[in-house]
Amino acid sequence: IYSCCYLSRRLNQLSSHDPLWKRHCKKYWLISEEEKNQRNQSWKAIFISTYSDLGRYIQYYATLKKAWDDLEKYLGQRCPRMIGSLKESVQEEDLDAVEAQIGCKLPDDYRCSFRIHNGQKLVVPGLMGSMALSNHYRSEDLLDIDTAAGGFQQRLGLKQCLPLTFCIHTGLSQYMALESVEGRNKYEIFYQCPDQMARNPSAIDMFITGTSYLEWFTSYVNKVVTGGYPIIRDQIFRYVHDKECVATTGDITVSVSTSFLPELSSVHPPHYFFTYRIRIEMSKDALPEKACQLDSRYWRITNAKGDVEEVQGPGVVGEFPIISPGRVYEYTSCTTFSTTSGYMEGYYTFHCLYYKDRFFNVTIPRFHMVCPTFKVSTARIVSEDAVFLVLLLLIGQYETNHNEYAVDEDEDSTDTDEYEDRRRVLDIPAPSGRCPRHT
């Protein structure tokens, strides 16, 4: 008994040793020395009080808090007005009320993020990135919990899906599946893509953007704070740059970044829309007489089937930029593929300003464009299965009639023609098309 009492006293002393709690406070709650001093509490007291509030999120909190802190610090230096759009955290009872309202449980990583920031106000630019073309603009806001709950879906095709983002210009949202229904995995995140070839309005294909909220949000933040997405005109643009996609010809360097646009793409028919941003830069150490002007462009475009198209034309986006030492010229254009991937390469033709009869080509590096993972609507799969079964029945009926009336050549010919007509109706060719600009 004495030994047990002594052991309990020692355990009690050890459990009250504040430096032990300091490590846990920093590891799980990211509490700094400065914050500890402001609270004027022991490390043990801070850990216990924080755990009583956020304990259910202990496996997510540090990761999400660091992501939010890194994002705020990065944007505070580059897009300060975007920081002003962020909302304060919500409380547990607010999240519980939303669950009761929609009749579904929210994942803990999602709840945890909203205990740090309740999304943002519906403003432009959006926290989750922008994209701009000459006649198209998208900027996605991270929805606050009440707005997200208001957009919760129960209709076929998006059953039990919660919107995470929203673009006020296009109406585009990224959704999170709260249940494993209609072919989706639980907590999968996606862009909806209506099947344009199906009569059923619930036939919605999906471009997958994440497997969980934690993975989706932290991977996006990492792209932003490491410079993977450029900051242009005080907003985040979701262009991806491959470091190998750079080519230097003499004093001129050309680099390319690309982006997939789900809102302008479809799986059925296969139409995958990409935009690319090209940067043309002359070395600041180049001699002044190296100044030149772009005259024309040449593109060689190859899809996943190996089909090649060549395009040649004057200037770029209707301009004939002059490049001089230290100057940078950037522009955006677009292309579409009927296959899920493809690549482009080519060259620009320049003439020297000091020697107008001197022309030379500048290499455009090969850059690849790949559609993200997508899932075909279960409504389409069911519909295609039904058509296939009907087709099998028709074939079976034809074979039965053929066996019964094999001596009648005219009857055989008529049945075959009818079957071929049915087959041709089902064999819809994939439409092709490409953005005519390729500038």
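You'll find the structure just up there.
As a starting point, this report considers the structure included with it. Worth saying up front: this structure is predicted, and the values here are computed from it rather than measured.

### A short note on the pattern of salt bridges
For the structure on display, the rule yields 25 salt bridges. Here Arg 184 and Glu 182 are joined by a salt bridge, their closest N and O atoms 2.5 Å apart. Among the charged side chains, a network of salt bridges with common partners joins Asp 53, Arg 56, Glu 92, Asp 96, Glu 99, Lys 105, Asp 108, Arg 111 and Arg 115.

### Side note on helix H2 (residues 18-29)
With twelve residues, H2 should reach 16 Å at 1.5 Å per residue; the first-to-last C-alpha distance of 16 Å fits that figure. Turning to H2, its buried residues number three or more, namely Trp 21, Cys 25 and Trp 29. Down the axis of H2, the buried set is contained in an arc of 45 degrees. They therefore lie on one face. Note on H2: the residue one or two positions beyond its end, Leu 30, has a positive phi of about 55 degrees.

### Describing a nonpolar patch on the surface
Together, Leu 11, Leu 14 and Leu 20 line one region of the surface with nonpolar side chains, adding up to about 270 Å² of accessible area. Structurally, Leu 11 is set in helix H1 (residues 2-15).

### A word on the sheet that holds strand S8 (residues 204-210)
Across a sheet, strands are paired by hydrogen bonds formed along the backbone, either parallel or antiparallel in direction. The sheet built from five strands is open, its strands ordered S4-S6-S7-S8-S20 with antiparallel pairing. Two strands lie at the open edges of the sheet, namely strand S4 (161-163) and strand S20 (374-375), each paired on one side alone. Inspection of the sheet shows S4 paired to strand S6 (residues 174-177) by three bridges, in the antiparallel sense. The partner of Cys 161 across the bridge, within S6, is Ala 177.

### As for the packing of aromatic side chains
Under the criterion given, the structure shown has 23 aromatic pairs. For the pair Tyr 276 and Trp 299, a centre-to-centre distance of 5.7 Å together with 65 degrees between the ring planes defines the contact as edge-to-face. Linking Tyr 276 in strand S13 (residues 272-282) with Trp 299 in strand S14 (residues 292-303), this pair joins segments that are 23 residues apart in sequence. Neither Tyr 276 nor Trp 299 differs from the other in exposure class; each is buried. These aromatic residues form a ring-pair network of at least three members: Trp 68, Tyr 110, Phe 114, Tyr 213, Trp 216 and Phe 217. One Lys or Arg, Arg 358, reaches over the ring of Tyr 355 and ends 4.5 Å from the middle of that ring.

### Here we look at the nonpolar core
Grouped together as the largest cluster of nonpolar side chains are 51 residues, with contacts concentrated most on Leu 106, Tyr 110, Leu 127, Tyr 213 and Phe 217. Of all the secondary structure elements, the ones that give two or more residues to this core are H2, helix H4 (43-54), helix H5 (61-78), helix H7 (92-102), helix H8 (108-114), helix H9 (145-150) and helix H10 (213-225). Structurally, this core is a two-domain feature, drawing no fewer than three residues from each of domain 1 (9-58) and domain 2 (61-226). If you look at the next biggest cluster of nonpolar residues, it comprises 36 residues, including Tyr 191, Ala 286, Phe 337 and Met 369.

### Description of the environment of Leu 156
Considering the arrangement of structural elements, one finds Leu 156 in the loop between H9 and S4. Placed 223 residues apart in sequence, Leu 156 and Ala 379 show a C-alpha to C-alpha distance of 9.2 Å. Apart from residues no more than four positions distant in its own chain, Leu 156 is found in contact with Glu 182 and Ser 202.

### With respect to the sheet that holds strand S17 (residues 328-337)
The four strands lie next to each other as S11-S12-S13-S17, forming an open sheet whose pairing is antiparallel. Of all the strands in the sheet, the pair left with one neighbour each is strand S11 (240-249) and S17. Taking each pair of neighbouring strands and ignoring which way they run, the sheet shows an average axis angle of 20 degrees. As judged from the six bridges shared by S11 and strand S12 (residues 252-260), these two strands associate in the antiparallel manner.

### Details of the packing of H2 against H4
The N-to-C vectors of H2 and H4 enclose an angle of 35 degrees; their axes lie 8 Å apart at closest approach. Classified by chirality, the crossing of H4 by H2 is left-handed. In contact with Asp 18, Trp 21, Lys 22, His 24, Cys 25, Lys 26, Tyr 28 and Trp 29 of H2, H4 contributes Trp 43, Lys 44, Ile 46, Phe 47, Thr 50, Tyr 51 and Leu 54. In terms of residue class, the contact of H2 with H4 is built from nine nonpolar, two polar and four charged.

### Some details on the layout of surface pockets
By volume, the largest pocket amounts to about 650 Å³. Along the wall of the largest pocket there are 23 residues; nearest its centre are Tyr 229, Arg 238, Val 240, Phe 260 and Pro 372. The set of elements that each furnish at least two residues to the lining of the largest pocket consists of S8, H10, S12 and strand S19 (359-370). No other element matches H10, which puts four residues into the lining of the largest pocket. Considering only residue class, the lining of the largest pocket consists of 14 nonpolar, six polar and three charged. Looking at the lining of the largest pocket, you find at least three residues from each of domain 2 (61-226) and domain 3 (239-374).

### So, the side chain of Ser 266
Note that Ser 266 resides in the loop between S12 and S13. Accessibility expressed as a relative area gives 2% for Ser 266, which makes it buried. Within polar-contact distance, the side chain of Ser 266 engages the backbone oxygen of Pro 269 at 2.5 Å. With residues near it in sequence (within four places) discarded, Ser 266 still touches Cys 193, Gln 196, Phe 207, His 271 and Tyr 272.

Each value, and the rule that gives it
- Residues numbered from 1 in each chain as written.
- Predicted model: local features only at pLDDT ≥ 70, side-chain atom pairs only at ≥ 80, totals over all residues.
- Heavy atoms only, no water.
- Salt bridge = Lys/Arg side-chain N within 4 Å of Asp/Glu carboxyl O.
- Helix = DSSP H or I, 4+ residues; strand = E, 2+ residues; numbered from the N terminus.
- Expected span 1.5 Å × (residues − 1).
- Buried < 20%, exposed > 50% of the residue type's maximum accessible area, 1.4 Å probe, protein only.
- Arc of directions from axis to C-beta.
- Patch = residues over 30% accessible without salt bridge, like charges linked within 9 Å, V, L, I, M, F, W, Y side chains within 5 Å.
- Areas by Shrake-Rupley, 256 points an atom, 1.4 Å probe, with all protein chains shown as cover.
- Pairing = 2+ DSSP bridges.
- Phe/Tyr/Trp six-rings, centres within 6.5 Å; stacked < 30°, edge-to-face > 60°.
- Lys NZ or Arg CZ within 6 Å of the ring centre and 35° of its normal.
- Core = buried A, V, L, I, M, F, W, Y, C linked by side-chain atoms within 4.5 Å.
- Domains from an automatic or database assignment.
- Contact = heavy atoms within 4.5 Å.
- Axes fitted to C-alpha atoms, helices over the stretch in contact; angles between N-to-C directions.
- Left-handed = near helix turned anticlockwise from the far one by under 90°.
- Nonpolar A, V, L, I, M, F, W, Y, C, P; charged D, E, K, R; others polar.
- 1 Å grid on protein atoms, 1.4 Å probe; cavity = no way out; pocket = protein on both sides within 12 Å on 5 of 7 lines; lining within 4 Å.
- Points joined across faces, edges and corners; volume = space filled by probe spheres on them.
- Polar contact = N/O pair within 3.5 Å; in protein donor to acceptor, adjacent residues only side chain to side chain.

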